[in-house]
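The chain contents come next:
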Amino acid sequence: MAELTRLLILLLTLALLPLSVQADDRSVVLIAHPQGSSPALTRDTTRAIFAMRQRSWPDGQAARVFVLPNSHPVHSRFVKERLTVYPHQLQLAWDRMVFSGTGQAPSQVNSQPEMLERVATTPGAIGYLEREYLDDRVQVITME
């Protein structure tokens, strides 16, 4: 009986393994152009950059912010989980700056492959995407 229980546990573990790997591939990571950007940012600095209140990297290089559309589920996950704000709050901040003439909204891309391409080819760029879309053309930025 004990062997049957161990066998069932092993089978269940093996059956669930692809789900845990897949879940990790779907985690949203912060990415940047590989040259000239900081490998780590604080949550407050990251939030300020994405809210377009801070227009440069900590080293002084101009930051070029790329985002997915508000309706994209990855955008929503990134903003809620990593920036700890709601997407509509970020949009309000962008709208306020655009309509007051004090700033501009970030550049919007339509898909994760486009996000990867734009961040990889734009000096000072910062964006986000699911881990499964990563390649060696961009660097992952950790948030402290």
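Our structure's up above, just so we're on the same page.
Here we summarise the structure given alongside this text.

Turning our eyes to something else, we now look at the side chain of His-75. Topologically, His-75 is positioned in helix H3 (residues 73-82). With a relative accessible area of 0%, His-75 lands in the buried category. Beyond its immediate sequence surroundings of up to four residues, His-75 is in contact with Val-67, Leu-68, Pro-69, Asn-70, Pro-87, Leu-90, Trp-94 and Tyr-128.

Let us look at helix H2 (residues 43-50). Buried within H2 are the following residues: Thr-45, Thr-46, Ala-48, Ile-49 and Phe-50. After H2 finishes, the residue Met-52 shows a positive phi value of roughly 70 degrees.

With that settled, consider the packing of H3 against helix H4 (residues 87-100). Close contact between H3 and H4 brings their axes to 9 Å; oriented N to C, the two are set at 90 degrees. In terms of orientation, H3 and H4 fall into the roughly perpendicular class. Facing H3, whose interface residues are His-75, Ser-76, Val-79 and Lys-80, H4 presents Pro-87, Leu-90 and Trp-94. The class makeup of the residues in the contact of H3 with H4 is four nonpolar, two polar and one charged.

This paragraph deals with the nonpolar core. Counting residues in hydrophobic clusters, the biggest one holds 36 residues, and the most contacted among them are Leu-30, Phe-50, Phe-78, Met-115, Ile-126 and Tyr-128. Among the secondary structure elements, those contributing two or more residues to this core are strand S1 (28-32), H2, strand S3 (64-67), H3, H4, helix H5 (112-121), strand S5 (125-130) and strand S6 (139-143). Among the elements that make up this core, the one with the highest residue count is S1 (five residues). The residues contacting Tyr-128, other than those within four sequence positions of it, are Val-28, Val-29, Leu-30, Ile-31, Phe-50, Phe-66, Val-67, Leu-68, Val-74, His-75, Phe-78 and Met-115.

Right, let's get into the layout of surface pockets. The space that makes up the largest pocket amounts to roughly 170 Å³. Looking at the largest pocket, the residues that line it are Ile-49, Met-52, Gln-54, Arg-55, Ala-63, Arg-64, Val-65, Gly-103, Gln-104, Ala-105, Pro-106 and Ser-107. By residue class, the composition of the lining of the largest pocket is six nonpolar, four polar and two charged.

This brings us to H4. Under the 1.5 Å per step criterion, the end-to-end length of H4 is 20 Å for 14 residues, consistent within 8% with the ideal 20 Å. Burial in H4 covers these residues: Pro-87, Leu-90, Ala-93, Trp-94 and Met-97. The arc that holds the buried residues of H4, viewed along the axis, is 130 degrees, so those residues lie on one side. Within H4, the exposed residues directed more than 90 degrees away from the buried face are His-88, Arg-96 and Phe-99.

Analysis parameters
Residues numbered from 1 in each chain as written. Predicted model: local features only at pLDDT ≥ 70, side-chain atom pairs only at ≥ 80, totals over all residues. Heavy atoms only, no water. Helix = DSSP H or I, 4+ residues; strand = E, 2+ residues; numbered from the N terminus. Buried < 20%, exposed > 50% of the residue type's maximum accessible area, 1.4 Å probe, protein only. Contact = heavy atoms within 4.5 Å. Axes fitted to C-alpha atoms, helices over the stretch in contact; angles between N-to-C directions. Parallel < 35°, antiparallel > 145°, perpendicular 65-115°, else oblique. Nonpolar A, V, L, I, M, F, W, Y, C, P; charged D, E, K, R; others polar. Core = buried A, V, L, I, M, F, W, Y, C linked by side-chain atoms within 4.5 Å. 1 Å grid on protein atoms, 1.4 Å probe; cavity = no way out; pocket = protein on both sides within 12 Å on 5 of 7 lines; lining within 4 Å. Points joined across faces, edges and corners; volume = space filled by probe spheres on them. Expected span 1.5 Å × (residues − 1). Arc of directions from axis to C-beta.

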